[in-house]
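Structural characterization, general
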Amino acid sequence: MYSFDMTSEQKMLVDTVRRYAEKNLRAVHREAEESKHVPEKVVQTGWELGLLPGFIDAQYGGYGEYSALTSALYLEEMAWGDLGVTLHLLTPNLFAIPIAQFGSDKQKEQYLSLFCNDSFPRATAAMIEPVVQFDPAELQTTAVKEGDNFVINGKKTYVPLARQAELFLVYAQESGTTQAYIVPADTQGVKVGKRIKLMGVQALEMYEVEFENVVVPKGNRLGGLKGIRIQKLLTLSRITLAALAVGVARAAYEYALAYAKERVAFGEPIAHRQSIAFMLANMRIEIEGTRLMVWEAAYKFDTGEDAAKAAYLAKNYADKMVLDVTDGAVQVLGGHGYIREHPVELWLRNGRGFVTLDGAVVA
Amino acid sequence: MAIEFKTPEVIEKQLRNVQIVAEHAMRPDSRRLDDNEHERPWRYINMMLPQMQELERANIAAAKARAAKKKEAAMAVKSNGHHGGVAVLDAPPPAEEAVSEPKESIANMTLVHMIEMLSWGDAGIYLCIPGGALGGAAIQAVGTPEQIERFLTRYTEGPPKWGAMAMTEPQAGSDTGNIQTTATFDPATNEWVLNGQKIFCTNGKLALEESDGMVVVWATVDKKAGRAGMKPFVVEAGTPGVIVAKVEEKLGIRASDTATIIFDNARIPADNILGDPEVQSGPGNKGFKGAMKTFDSTRPIVAASAIGIGRAAFEFTRDTLAKEGVKMEYGKPRWKLSAVQADLLEMEAQLRAAWLLTLKATALLDARQENKLESSMAKAKAGRAVTMITQKAVELLGPLGYSTEFLVEKWMRDAKINDIYEGTGQINTLIVAREILGYTRNELK
Ligand SMILES: Cc1cc2nc3c(=O)[nH]c(=O)nc-3n(C[C@H](O)[C@H](O)[C@H](O)COP(=O)(O)OP(=O)(O)OC[C@H]3O[C@@H](n4cnc5c(N)ncnc54)[C@H](O)[C@@H]3O)c2cc1C
Ligand SMILES: Cc1cc2nc3c(=O)[nH]c(=O)nc-3n(C[C@H](O)[C@H](O)[C@H](O)COP(=O)(O)OP(=O)(O)OC[C@H]3O[C@@H](n4cnc5c(N)ncnc54)[C@H](O)[C@@H]3O)c2cc1C
């Protein structure tokens, strides 16, 4: 059937994450952005929610199984709180989720338990490359098999938390397909470069990383001989990012709505005018429409149906929607929307990031 | 409950049948009926008739059961009052109870799927579906068991008959509160006397002149009372003083008849009024509110019809381009898509967003939950989306798109109506805006 009600477990989880987002993420979001730094405490409390272990099998120390839908539900709440800090918190997922999805039993055994501890795991992934027309399915970074090893060469950028990372999941092209390799940070040839500066999500530390003749044993190829299916990974990434986009858009919409009811111009609240009220109504419609597309894609992923197209449609729709909505929110606030005292300008800058991050975030 | 996105097998099965109707009794006639505006789609009508009569039978049974239950409850409350708090007798449930809809109904979910598919076939032809249509829906929603029996039984048997709803007037379209048609009660004959003019009544001619149908007509019993004075009346075919004065010539959905109806001292029986004849405003004004509520259930249907046209246009465009080597490549980064691919992607995503909004509004309806916001969101979105999608389709196909050799140009003309009737795009956006802002019609005009 078509049903739109969360399970009671999902409702509880979403409630918990919403409270965390309200109390913790919103409390630090401006400060984190301006100082370009995520406070340690908010990371720790975020990690203590136990979201990632909830997606890891009990045999590896977790207490659940992966659900793209459940993930989408709480990702919306987190992004509603703050996108920059959320992406920091999700960084371990970039390593753990692909391992859980594609890893061999041995790899799961070796790595997944690292994500079920009390402390925030130091793992990340390197996907995006500093090229125009970047395409996760046609990477410039290469992995070449030499004997019992792979040799990796290439430049990556947008690698979150690279400086503190102990483990990288590096995506590279191997005979025409995209594969992933587990690379310990202390491997020779791994060079973490400068921190990159972006238009938004500035709280998140992201780096350039170069891999120069990095040699890893063939057992570090994710999924062993089977490898990974990049389109499946992209599907997950698209669901993740689209869910986050819905959260950012909802934050902007809610803020603009409340503001429009308070702000008086020409003798009455600006929300009394259709030109404002209709913008808000359309924001609501678009957010809801996108959310349903995200849910559908996630539902398909979870039930094993082909979710690629649904996720692709949802992500592309969300990319545009989040820009329209956050831009609309700035517009509703007028000159005040342009001032950093209000969060809407930040949400507009953050909203712009989604189209760029395709493939780089999975949670 | 859990979130789920899966078309039930029973609906899938019915859809396969409806698709056959669409392909064999609609598409082949599309162009001819567009060229010959007032011709009737008999092939389609005859094919649909048995199914529709069966559906009306089920609807009527369910509506009667609901109405009887309401009556029962009302009587129970009354007797409770009379006897000063004595417990209500444990009356046996009414006989019709057995046929009342189960809690987990999928009636509306089935309906929107069917209508989406029929409109994929042809939206103008679809509207000529025999049955009570919007008029029937209003009677089902607020009629007494006796009225349901008297007015709707005709749709379950015999030759095809139509129903319609006449609200719009020359000076009252979006502003339904401004209708001028009057209904005056004549105690001498125990009749209502209707005077005025209705325009744009879908199936008006089919209902009043070409079959033994009926039209639900909105009239005011007290102009000073505004909306509270507005009541729905059932006017049957053959009523003296009812004149179908004109049938419109339109941009699209030309197979559908759109009639002007004049009421010149048209007399109808006293009990042809739907709901309470008393003029009451506020929560007591159940007749108006009740029938207005039918919009919450019909807007998803209009949205579904819009989406059917949009899907037809999208699929045709996609498939035609694919034959020419322009294939959609799902999965490629956006910046690697060609402009045409990006347009196709946008069309498909828009369609999906509108459809899912429609399904959500419908699911709430089936669960008997409030869905005013959701149904207006779906309608506003669908109307706007398919306007864009069909216009794009004409554009992307170049000379083929604009040519009447294909149906794309017709679909563009057909699609536009969905942004106009059952509340224009603006009116539905206005409803959404009021809902989310918590505003009354005075705060947001
Ligand atoms: C960087 C910057 C530089 C500036 N420089 C100057 C300057 O040098 N000198 C100066 O005097 N000002 C300056 N301004 C102020 C600027 O002109 C105002 O911000 C602008 O006029 C909007 O007013 P507001 O911010 O109070 O928005 P509001 O008037 O509160 O408007 C909020 C929203 O409501 C809408 N709205 C308001 N009334 C209506 C209506 N009747 N119908 C429909 N929509 C309505 C607006 O379009 C807007 O979307 C500057 C602003 C900025 C951000
Ligand atoms: C083919 C067809 C079939 C129809 N079938 C039926 C039927 O079966 N029964 C029936 O009763 N009616 C029917 N209608 C009428 C239809 O519902 C009305 O045309 C529609 O409600 C709009 O009313 P109007 O044409 O008077 O436009 P108007 O109300 O004059 O609107 C003109 C424009 O102003 C906008 N507008 C009006 N008020 C506002 C506002 N407050 N805020 C912002 N914008 C506003 C409208 O959105 C529209 O863009 C049909 C119409 C057509 C064309």
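None of these values were measured; they are calculated from a predicted model. (Residues numbered from 1 in each chain as written. Chains lettered and ligands numbered in written order. Predicted model: local features only at pLDDT ≥ 70, side-chain atom pairs only at ≥ 80, totals over all residues. Heavy atoms only, no water.)

Turning our attention to the site of ligand 2. Near ligand 2 lie 20 residues; those nearest to it are Thr168, Ser174, Phe200, Thr202 and Thr424 of chain B. The local environment of ligand 2 is shared, drawing residues from chains A and B. One of the side-chain nitrogen or oxygen atoms of threonine 168 of chain B is found 2.7 Å away from a nitrogen atom of ligand 2. Summarising the interface, the protein chains cover 68% of the accessible area of ligand 2, which totals 960 Å² for the free molecule. (Near = heavy atom within 4 Å. Polar contact = N/O pair within 3.5 Å; in protein donor to acceptor, adjacent residues only side chain to side chain. Areas by Shrake-Rupley, 256 points an atom, 1.4 Å probe, with all protein chains shown as cover.)

Residues and elements named next belong to chain A. The end-to-end C-alpha distance of helix H1 (residues 8-35) is 38 Å, a good match for the 40 Å that 28 residues give at a rise of 1.5 Å each. The largest bend along H1 reaches roughly 45° and is located at histidine 29. Every buried residue of H1 is listed here: Gln10, Val14, Val17, Tyr20, Ala21, Asn24, Leu25, Val28, His29, Arg30, Ala32 and Glu33. Summarising the contacts, the buried residues of H1 are in contact with helix H2 (40-48), helix H3 (68-81), helix H4 (83-102) and helix H9 (344-351). Note on H1: the residue one or two positions beyond its end, lysine 36, has a positive phi of about 55°. (Helix = DSSP H or I, 4+ residues; strand = E, 2+ residues; numbered from the N terminus. Expected span 1.5 Å × (residues − 1). Bend = angle between axes of the 7 residues up to and from the residue. Buried < 20%, exposed > 50% of the residue type's maximum accessible area, 1.4 Å probe, protein only. Contact = heavy atoms within 4.5 Å.)

Three or four residues apart is the spacing at which side chains of an α-helix point the same way, because the helix has 3.6 residues per turn. All names here are of chain B. Here helix H3 (residues 107-127) contains 21 residues, and its C-alpha end-to-end distance of 19 Å is more than 12% below the 30 Å for a straight helix at 1.5 Å per residue. The largest bend along H3 measures about 105° and falls at glycine 121. The buried fraction of H3 amounts to 18 of the 21 residues, a majority that puts the element mostly inside the structure.

Another point: the interface of chain A and chain B. Counting from both sides, the interface comprises 47 residues of chain A and, opposite them, 49 residues of chain B. Summing both sides of the interface, chain A and chain B together bury roughly 4,900 Å²; the carbon and sulfur share of this comes to 64%. Taken as a group, Met1, Tyr2 and Tyr312 of chain A account for 17% of the area that chain A buries against chain B, more than any other trio of residues on that side. The interface formed by chain A and chain B includes eight salt bridges. (Buried area = accessible area lost by both parts, 1.4 Å probe. Salt bridge = Lys/Arg side-chain N within 4 Å of Asp/Glu carboxyl O.)

On to the domain arrangement of chain A, then. Residues and elements named next belong to chain A. Entries for chain A in the domain assignment read domain 1 (8-116), domain 2 (123-220) and domain 3 (230-352). Each side of the interface is counted separately: domain 1 has 26 residues, and domain 3 has 27 residues. Across the domain 1 to domain 3 interface the summed buried area is about 2,300 Å²; carbon plus sulfur atoms make up 60%. When the buried surface of domain 1 facing domain 3 is broken down by residue, Arg30, Glu76 and Trp80 rank first, second and third, together holding 26% of it. Note that glutamate 345 and arginine 30 form a salt bridge whose closest N and O atoms lie 2.7 Å from each other. Scanning the region where domain 1 abuts domain 3 turns up 13 residue pairs in polar contact (both at pLDDT 80 or more). (Domains from an automatic or database assignment.)

What follows covers unusual backbone geometry. Most peptide bonds are trans, and most residues other than glycine sit at a negative phi. The phi dihedral of serine 175 of chain A is positive, around 45°, even though this residue is not glycine. For serine 175 of chain A, the position within the fold is in the loop between strand E5 (167-174) and strand E6 (177-184). What makes serine 175 of chain A exposed here is its relative accessible area of 71%. Residue arginine 368 of chain B is not a glycine yet carries a positive backbone phi of 55°. Locating arginine 368 of chain B in the fold gives a position in the loop between helix H8 (339-366) and helix H9 (372-396). Overall, arginine 368 of chain B belongs to the exposed group, its relative accessible area being 57%.

Turning our eyes to something else, we now look at the site of ligand 1. Residues and elements named next belong to chain A. Around ligand 1, the surrounding shell holds 13 residues, and the nearest of these are Arg263, Ser275, Gln331, Val332 and Gly335. Here a nitrogen atom of ligand 1 sits 3.4 Å away from a polar atom, N or O, in the side chain of arginine 273. At 2.7 Å, a backbone N or O of glycine 335 approaches an oxygen atom of ligand 1. Surface burial for ligand 1 is 44%, taken as the share of its 960 Å² of free accessible area covered by protein chains. Elements with a contribution of two residues or more to the shell around ligand 1: helix H7 (274-302) and helix H8 (308-332). The class makeup of the residues in the shell around ligand 1 is six nonpolar, five polar and two charged. (Nonpolar A, V, L, I, M, F, W, Y, C, P; charged D, E, K, R; others polar.)

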